[in-house]
Amino acid sequence: MPKRKVFVTRVIPDRGLHKILSATDATVWQDELPPPRATFLKMAHECAGLVTLLTDRVDDELFDAAPGLKVVANYAVGFDNIDVQAATRRGIPVTNTPGVLTETTADFAFTLLTAAARRVGEGRDYARAGKWKTWGPMLLMGQDLFGATLGIAGIGRIGFAVAQRGKGFSMQIIYNDAVRSERAEKELGARYVSKDELLRQSDFLSLHVPLSPDTYHYIDKQALSLMKPTAVLVNTSRGPVVDTMAIYEALKARQIFAAALDVTDPEPLPHDHPLYSLDNALIVPHIASASFETRNSMAELAADNLLAGLEGRQPPNCLNPELFRK
Ligand code: DGY
């Protein structure tokens, strides 16, 4: 049987790519930037499988252009780039890469939290700029983690793992979520609070809600107005969960102490965006899951999902498993 045609929209790590290249007739987009929309649609036209990234929009238009499509394997745990309902209507399984990036993403969220609290970015800039003349009793003072209150918005896998790290730093954990987490309450002594109380009480607030119409601008001007002036906000979820201009205004006015953003809206944030001019904004380019091991595991999982879908089996991480129920 001839190998099935697959389009992989970017070069992904070897462990997964190797599996895909050995088992399919795959075209891999080599550019650093995503394929232009017209190219994506054209490539999809011939394909039975797609490996997509969070920068590729997968919707009705794409499905219309891809009559032979059997599976879409997203190389990410988040899947707000995909219209899963549209895929389900057409009987196309869609998959993501949960689990393998939990600890790495939590490590990074905590890295950002610590770096913003203790002004690591500013310290680096200061030393590099030749401003370091002596030990300064008042130089670059920040916020303590020990004993502080860590707020978790969304205590799913990653939120829980961040809370565990906070516990290791002797922080008090509070959280808000649509569903209460008995596990977080039992194992970490986490306390469930309303969203307003989360905003009011958190010394550090880490966002782990998925992007949806309900969580769009979860942090807006009003939310920021409830936060402590000493608070640090960390976003490793999706950019539009935070209103960019509202956080800019709040940081500029020192309404909160600092924000560390792995994700932004828009993404990438244009290099001349005013947020970059603020000392108390730590912005990095969506790299929370970017460890060698984790990115390879994500690639392997995406490959396994893809190959299962091509063979008509239920992929291990299927987002519309109802397609396989008899
Ligand atoms: C995801 O997987 O959703 C991250 O944002 C990238 O690893």
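Residues numbered from 1 in each chain as written. Predicted model: local features only at pLDDT ≥ 70, side-chain atom pairs only at ≥ 80, totals over all residues. Heavy atoms only, no water.

Enquirer: Quick question: what am I supposed to make of the packing of aromatic side chains here?
Expert: Each aromatic ring pair is characterised by the separation of its centres together with the angle its planes make. Scanning the entire structure with this criterion turns up three aromatic pairs. On the numbers, 6.4 Å between centres and 40 degrees between planes, the contact of Phe 7 with Phe 40 is tilted. Taken together, the positions of Phe 7 in strand E1 (residues 5–8) and Phe 40 in helix H2 (residues 37–45) put the pair 33 residues apart, joining distant regions of the chain. Taking the centre distance of 5.5 Å and the plane angle of 75 degrees together, the rings of Tyr 175 and Tyr 192 count as edge-to-face. Of this pair, Tyr 175 sits in strand E7 (residues 172–176) while Tyr 192 sits in strand E8 (residues 191–192); the two residues are 17 residues apart in sequence, bridging distant segments of the chain. In this structure Tyr 175 comes out as buried when scored by relative accessible area, which is 0%. For Tyr 192, a relative accessible area of 32% gives the class partly exposed. Its end group placed over the ring of Phe 160, Arg 183 keeps NZ or CZ at 3.8 Å from the ring centre. (Phe/Tyr/Trp six-rings, centres within 6.5 Å; stacked < 30°, edge-to-face > 60°. Helix = DSSP H or I, 4+ residues; strand = E, 2+ residues; numbered from the N terminus. Buried < 20%, exposed > 50% of the residue type's maximum accessible area, 1.4 Å probe, protein only. Lys NZ or Arg CZ within 6 Å of the ring centre and 35° of its normal.)

Enquirer: For this particular structure, what's the right way to read the environment of Ile 155?
Expert: By secondary structure assignment, the location of Ile 155 is in the loop between strand E6 (149–153) and helix H7 (157–168). When its relative accessible area of 8% is taken as the criterion, Ile 155 is described as buried. Separated by 51 residues in the primary sequence, Ile 155 and Ser 206 place their C-alpha atoms 10.0 Å from one another. Those residues within four positions of Ile 155 in sequence are excluded, and the remaining contacts are Phe 160, Ala 163, Tyr 175, Asn 176, Asp 177, Ser 181 and Ala 184. (Contact = heavy atoms within 4.5 Å.)

Enquirer: Would you take a moment to explain the domain arrangement of the chain for this structure?
Expert: A common way to report how large an interface is uses the accessible area buried once the components associate. Segmenting the chain into domains produces domain 1 (5–100 + 292–324) and domain 2 (102–283). On a C-alpha basis, the centres of domain 1 and domain 2 stand 31 Å from each other. Counting the surface lost from both domain 1 and domain 2, the interface buries some 560 Å², and carbon and sulfur atoms represent 45% of this. Inspection of the domain 1/domain 2 interface yields one salt bridge. At the junction of domain 1 and domain 2, the tally comes to three residue pairs in polar contact (both at pLDDT 80 or more). Residue composition of the side of domain 1 that touches domain 2, by class: three nonpolar, three polar and one charged. (Domains from an automatic or database assignment. Buried area = accessible area lost by both parts, 1.4 Å probe. Salt bridge = Lys/Arg side-chain N within 4 Å of Asp/Glu carboxyl O. Polar contact = N/O pair within 3.5 Å; in protein donor to acceptor, adjacent residues only side chain to side chain. Nonpolar A, V, L, I, M, F, W, Y, C, P; charged D, E, K, R; others polar.)

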